[in-house]
Amino acid sequence: MNKPYIICHMMTSIDGRIDCDMTAQLQGTQEYYETLKTIEAPTTLSGRVTAQLELAQTGKFQSKTNESLNKESFAKNNDSAGYKVITDTKGTLLWDEDHNYSKPHIVITSEQVTKDYLDYLDSKQISWIATGKDHIDLSRAVEILAEQFNVERMAIVGGGHIDGSFLDAGLTDEISLLIGPGVDGREGMPAVFDGRPKDRKPMPLKLQSARTYEDGAIWLRYLV
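How each quantity is defined
- Residues numbered from 1 in each chain as written.
- Predicted model: local features only at pLDDT ≥ 70, side-chain atom pairs only at ≥ 80, totals over all residues.
- Heavy atoms only, no water.
- Phe/Tyr/Trp six-rings, centres within 6.5 Å; stacked < 30°, edge-to-face > 60°.
- Buried < 20%, exposed > 50% of the residue type's maximum accessible area, 1.4 Å probe, protein only.
- Helix = DSSP H or I, 4+ residues; strand = E, 2+ residues; numbered from the N terminus.
- Salt bridge = Lys/Arg side-chain N within 4 Å of Asp/Glu carboxyl O.
- Arc of directions from axis to C-beta.
- Contact = heavy atoms within 4.5 Å.

Within the structure shown, the criterion is met by 7 aromatic pairs. Relative to Tyr33, the ring of Tyr32 has its centre 5.1 Å away and its plane inclined at 80 degrees; by these criteria the two rings are edge-to-face. Look at Tyr32 and you get buried, because its relative accessible area is 10%. The interplanar angle of 65 degrees and the centroid separation of 6.1 Å between the aromatic rings of Phe74 and Phe149 together place this pair among those described as edge-to-face. Taken together, the positions of Phe74 in strand E3 (residues 73-75) and Phe149 in helix H5 (residues 138-149) put the pair 75 residues apart, joining distant regions of the chain. Residue Phe74 is classed as partly exposed on the basis of its relative accessible area, which comes to 34%. Each residue in the set Phe61, Tyr117 and Tyr120 is aromatic and connected to the rest through ring pairs, giving one cluster.

Listed below in structure tokens is the structure:
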């Protein structure tokens with residue numbers, strides 16, 4: 001399978017929670033961005049929830065036709081050494097013109113996305129990939145990223161469900177955790193990996209490196 005080298009890179013409290021407002025209050029935030037540069041992954045991937053909070057515009061796309069694409073397809077509207085990739089299964093997020101962002105975007109949807117949403121992305125010069133009948137086919141999506149967009153290294157930067165989905169699909173090569181010296185402990189807060197079916201067994205890892213910082217943060221890298 002031709003795919004990028006995929007690294008899950010997250011900042012977490014010591015109890016594995018990743019709520020952004022919480023981690024922003026911990027020591028280690030600066031090191032998180034420094035370590036993201038160190039792993040040399042010019043392309044990053046976020047799930048829809050993270051993208052809605054941090055990247056996309058407010059509001060939700062409303063289809064005028066509800067006519068689904070119902071086939072695999074893609075559009076390469078930009079060439080770049082690195083992209084911000086977003087998974088948005090049904091195609092709902094709203095965007096500015098793509099040239100107004102620091103890096104061009106690639107939106108990944110399922111084949112149930114509406115044709116007019118893809119036209120909307122084209123009008124914003126945003127690249128897209130549609131694959132998977134009812135849900136995004138992650139394995140096929142990363143193949144297209146490698147073969148059509150020349151993505152060689154990609155960091156998953158949120159959130160727990162997209163981390164869990166890539167891990168469960170056997171697509172994650174490495175896990176990079178910046179642990180801030182603090183405890184969340186609040187009920188119902190998202191974890192680094194979430195949403196794996198209950199019948200799944202733990203995923204064994206091999207420690208690659210560990211580094212401590214003067215402010216109490218710890219950077220751990222594991223091979224999957």
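Under the counting rule described, the total for this entry stands at 13 salt bridges. Ionic pairing is found between Lys133 and Glu111, a salt bridge with its closest N-O pair at 3.2 Å. Of this pair, Lys133 sits in the loop between strand E6 (127-130) and H5 while Glu111 sits in the loop between strand E5 (105-109) and helix H4 (115-123), placing them 22 residues apart in sequence. For Lys133, a relative accessible area of 56% translates into the label exposed. Here the residues in one salt-bridge network are Asp168, Arg196, Asp199 and Arg200, joined through shared partners.

Turning our eyes to something else, we now look at unusual backbone geometry. Looking along the chain, the bond that leaves Gly158 and enters Gly159 is cis, with omega of -5 degrees. Positionally, Gly159 belongs in the loop between strand E7 (153-156) and helix H6 (160-168). In this structure, Asn66 is a non-glycine residue whose phi angle is positive, near 60 degrees. On the basis of relative accessibility, which here comes to 57%, the residue Asn66 falls in the exposed class. Here Gln125, not a glycine, exhibits a phi torsion of approximately 60 degrees, which is positive. Tracing the chain through its elements places Gln125 in the loop between H4 and E6.

For helix H2 (residues 29-38), the set of buried residues is Glu31, Tyr32, Thr35 and Leu36. All buried residues of H2 project into a common sector of 145 degrees when viewed along the axis, lining one side. Facing away from the buried side of H2 by over 90 degrees, the exposed positions are Gln30, Tyr33 and Lys37. Looking at the packing, one finds that the buried side of H2 touches strand E1 (5-12), E7, strand E8 (174-179) and strand E10 (218-223). Of the residues flanking the end of H2, it is Glu40, one or two places downstream, whose phi is positive at about 55 degrees.

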